[in-house]
Amino acid sequence: MEVKDLEPKGIWQNFHLLTQVPRPSGHLEKIQQFLLDWAKDRSIEAFQDNAGNIVMRKAATPGMEDRKMVTFEAHMDMVPQKAADSSHNFLTDPIATYIDGDWVKAKGTTLGSDDGIGVATAMAILEDGSLRHGPLEALFTVDEETCMYGVNHLQPDTLQGDILFNFDHESEGEFVIGCAGGMDVAGELDYQEEDAPEGICIKLTLQGLKGGHSGLEINLGRANANKLMVRVLADAVTELGADLVSWEGGNMRNAIPNRAEAVLLIEEDQKADLLALTARWEKTFQDEYEGIEEGLSLTAEDAPKADKIVPEEICDNLIDAVLACHNGVLRQIPAIPQIVETSCNLGIVKIGQGKAATDVLVRSSRESMLEFLGQSVNAAFAMAGMKTQYQGRYPAWQPNNQSAIVAVMRQEYKNLFGEDCRVEVVHAGVECGIIQTVYPHMDAVSFGPTLRSPHTPFERCNILSVAKFYRFVLKLLENIPTK
Ligand SMILES: [Zn+2]
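The structure displayed is predicted, hence computed values, not measured ones.

Enquirer: It is not clear to me how the nonpolar core should be interpreted in this structure. Could you clarify?
Expert: One recurring pattern in soluble globular proteins: nonpolar side chains tend to sit buried together. Of all hydrophobic cores here, the largest spans 74 residues; its most connected members are A122 and V445. With residues near it in sequence (within four places) discarded, A122 still touches F72, A74, A138 and F167. With 56 residues, the next largest nonpolar core counts V230, V232, L298 and I351 among its residues.

This is the structure:
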C-alpha cells in the first residue's frame, strides 16, 4: 500500500502531492506555485500576499452562512534534515515516503508531515463538496521553521476569519491555547589574536549528549555541551596556564548543544596533566548526568600546532561570561507548575580567528520575565566586553481561559470519542501568538495529529491519529457557533 491510498484519502492524497514538491524553508517558489495551480484547477479562490503566504477561501454550505468564519492555518515550508548517508537534494528531489506499521515515514530525510499534514488537511476540506461547514479560509504561511517570516509580515487586511485553527501541533487529543514568546541574545567580539608561545596543541571533544528541542525539552535535565566545556576550560586555564586557541559548541540557537570542541595550547611537559584533568572531568560529568546522558564522552587528542591564540584577558572574560550565563529552566508557571514559564538555552559559542560569537535563546510565557532573563543573559556577555543585541523577538501567546471555541472543542471531543482532551500551554513558539498581534479578536487553538521526531530524519506521522483528527475537525466544523 502506498501513502496516497491511506484513509482519509482527502488528506493523504494531498499530502502525497505535497511530498512531490520541494519546499525547504527559504525555497518556496515551487510550493507557492503548486498551491495556486491546485486551487485554480478546483475553482477555489486563492491568492498570494506580499509576504508570500497563500490564502484560500470557500463559501459556507447552504444553511451554514451564519456561522463564524474559521481560518485554517499551516506552514508550507519544512525542515530539510537528512541522514548522514542520504544523497537527497531538498531543492529538487521529491520526498520518498513509505508505510511502516502504524506510521508514515520518509527514506533518510525529514518527512515534512510538519507541517504538510496541516496543509493537506485544509486542502482536503477545501476541495470536498460533500461536507457541511460555515465560511472557511486557509492561510499557508512562509518560513515558519526559520524566522516565522510569513506571519511576521502578515497584514491586517489579509484574513477575514473569526476563529483560528492552527494545524501545527504534534499530539492528537491535545489543544494548545498559549505559548511562550522568545528572543535571541546574541554577543559578538572582535579581538586581536596573539602569537602562540612554544608548546603543543590538544583538542578536547565533548560529545554523545542527547541535545534536543531548546523549549519543549529544556526541563529534562539534559546537559548543555557549552556549559560543560566551560568548566573544563576554566580549570585548564587556571590550573595549567593553558591558552585557548578556539572553541566551538552548538550550531543551532534552538537546539540544546550536544557537542563542543576546544583547542588548547599548553607546554609540552603538561600534556599528562591535561589528559588527567580531562579524564577527571569526564568522570564528574558522567556521574552528574547518570541516567540522563548515557553516551557522554570527553576526549583529548593531539592537534596541529596553532600560530595564534586568544589573548589571556579576552579568554578569561569569555569563560567568565559563559560560566555566569544562566542556562535551562528559570521557573515554572506559578499557576500551572508542570509547565515551564521561563528558560534559556546557551545554544552557540564560537571563538577563534579573532572573532567570538554567542547566541542564547530566551523563552517565557510572561513578557516581564522574558525581559528579565534577557537582561541577565545580556549582562553576562556585556560585562565580558561583547557587543550584544536582542534579535528575533516574538510575543508570547497568552492563553484565553474564556475561549468559546475551546469550550466547544472540549465538548465535541468528549461526545465523539468518550474521553477528555487535554488543553495545554507549550514552552515553544507557535504562529498563533504573532497572528493574534495582527488579529487580536481571533479565537485561536493549535492542534493536529500525532507526529514523532519532527526536524529529524526519523520524523514519522501516526496514521490512525490522522483519521481521528480529521473526524474531529469535520465534526467541529458542523458545530461552529453562529456570529
Ligand atoms: Zn511545524
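Enquirer: What is the right way to read the domain arrangement of the protein chain from this model?
Expert: It is common to give the size of an interface as the accessible area lost on bringing the parts into contact. According to the domain assignment, the protein chain contains domain 1 (3-180 + 397-478) and domain 2 (183-394). Domain 1 and domain 2 are separated by 37 Å when their C-alpha centres are compared. Each partner contributes residues to the interface: domain 1 has 12 residues there, and domain 2 has 13 residues. Looking at the side of domain 1 that touches domain 2, the elements that each hand over two or more residues are β8 (174-179), β20 (422-426) and α10 (431-438). Partitioning the side of domain 1 that touches domain 2 into residue classes produces 8 nonpolar, 4 polar and no charged.

Enquirer: Explain the packing of helix α9 (residues 404-417) against helix α11 (residues 463-478) to me, please; I cannot follow it from the model alone.
Expert: Packed helices, taken two at a time, are described by their axes: the angle between them and the distance between them. Contact geometry of α9 with α11 gives a least axis separation of 10 Å together with a crossing angle of 125°. If you check the angle between α9 and α11, you find them oblique. As α9 packs across α11, the resulting crossing turns out to be right-handed. On the side of α9, the interface is formed by M409, E412, Y413 and L416, while α11 contributes R471, F472, K475 and L476. Tallied by class, residues from the contact of α9 with α11 come to 5 nonpolar, no polar and 3 charged.

Enquirer: Whenever I open this one, the environment of E172 confuses me. Can you help?
Expert: Positionally, E172 belongs in the loop between β7 (163-166) and β8. Residue E172 is classed as partly exposed on the basis of its C-beta count, with 19 C-beta atoms lying within 10 Å. Through-space distance from the C-alpha of E172 to that of G328 is 28 Å; in sequence the pair is 156 residues apart. Every residue in contact with E172, bar those within four places of it in the chain, is listed here: P449, T450, S465, K468 and F469.

Enquirer: What is the right way to look at the packing of helix α5 (residues 225-240) against helix α6 (residues 271-288) in this model?
Expert: Packing of α5 against α6 leaves a shortest axis separation of 11 Å and a crossing angle of 150°. Relative to α6, α5 is oriented so that their crossing is right-handed. Residues L228, R231, V232, D235, A236, E239 and L240 of α5 pack against D273, L274, L277, T278, W281 and F285 of α6. Taken together, the residues of the contact of α5 with α6 sort by class into 8 nonpolar, 1 polar and 4 charged.

Enquirer: Is there a simple way to explain the pairing of strand β5 (residues 103-106) in this structure?
Expert: Regular strands have side chains that alternate between both faces of the sheet. Bridge count between strand β4 (residues 97-100) and β5: 4 bridges; the pairing is antiparallel. Directly across from Y98, in β5, lies its bridge partner K105. In sequence, β4 turns back onto β5 through a hairpin of 2 residues, with G101 there showing a positive phi of about 65°. Across 3 bridges, β5 lies against strand β23 (residues 460-462) in antiparallel orientation. Bridge pairing links V104 to C461 in β23.

Enquirer: Explanation requested: the sheet that holds β23 in the structure shown.
Expert: Taking strand neighbours across the sheet as the criterion, the 4 strands line up as β4-β5-β23-β22 in an open arrangement whose pairing is antiparallel. Edge positions in the sheet fall to β4 and β22 (451-452), since each of these pairs with one other strand and no more.

Enquirer: Honestly, the pairing of strand β17 (residues 336-352) in this entry has me stumped. Any pointers?
Expert: Of the strand pairs in this sheet, strand β12 (residues 243-249) and β17 are connected by 3 bridges, and their pairing is antiparallel. Each bridged residue has a counterpart across the sheet, and for W247 the counterpart in β17 is I351. Between strand β16 (residues 328-333) and β17, which follow one another and run antiparallel, lie 2 residues. The pairing of β17 with strand β18 (residues 355-364) spans 10 bridges and is classified as antiparallel. By the bridge assignment, G352 is partnered in β18 with K355. Joining the antiparallel neighbours β17 and β18 is a turn of 2 residues, in which Q353 adopts a positive phi near 55°.

Enquirer: Which parts of the structure should I look at to understand helix α8 (residues 367-383)?
Expert: Residues spaced three or four apart along an α-helix point in a common direction, a consequence of the helix completing one turn every 3.6 residues. Over its 17 residues, α8 runs 24 Å from end to end, which matches the ideal 24 Å to within 8%, given 1.5 Å per residue. When α8 is considered as a whole, its buried residues turn out to be M369, L370, L373, G374, V377, N378, A380 and F381. Seen end-on, α8 carries its buried residues on one side only, within an arc spanning 165°. As for α8, its buried residues are in contact with β9 (181-190), α7 (312-324), β16, β17, β18 and β19 (387-394).

The rules behind each value
Counting of residues starts from 1 at the beginning of each chain's written sequence and follows it residue by residue. Reporting in this predicted model follows two pLDDT cut-offs: at least 70 for local features of residues, and 80 or more for side-chain atom pairs to be given and counted; totals over whole chains, interfaces and linings ignore these cut-offs and use all residues. Joining buried Ala, Val, Leu, Ile, Met, Phe, Trp, Tyr and Cys residues through C-beta atoms within 7 Å gives a set, and that set is a nonpolar core. Exposed residues have 12 or fewer other C-beta atoms within 10 Å of their own C-beta, buried residues have 20 or more, and partly exposed residues fall in between, where C-beta atoms are placed from the backbone. Any residue pair is listed as a contact if its two C-beta atoms, each placed from the backbone, are within 7 Å. Here the limits of each domain have been adopted from an automatic or database domain assignment. Only DSSP runs of H or I with at least four residues qualify as helices, and only runs of E with at least two residues qualify as strands; both kinds are numbered from the N terminus onward. Basically, the charged four are Asp, Glu, Lys and Arg, the nonpolar ten are Ala, Val, Leu, Ile, Met, Phe, Trp, Tyr, Cys and Pro, and anything else, Gly included, counts as polar. In this analysis, axes come from line fits to C-alpha atoms, helices being fitted only over the stretch in contact, and the angle between any two N-to-C directions falls in the range 0 to 180 degrees. Oblique is the label for any angle not under 35 degrees, not over 145, and not in the 65 to 115 range, which are roughly parallel, roughly antiparallel and roughly perpendicular in turn. Crossing chirality is assigned from the near helix's rotation relative to the far helix, an anticlockwise turn below a right angle marking it left-handed and a clockwise turn marking it right-handed. The pairing criterion for strands is at least two bridges between them, as found by DSSP. Working rule for helices: expected span equals 1.5 Å times residues minus one. As used here, the arc is the angular range of directions from the helix axis to the C-beta atoms.

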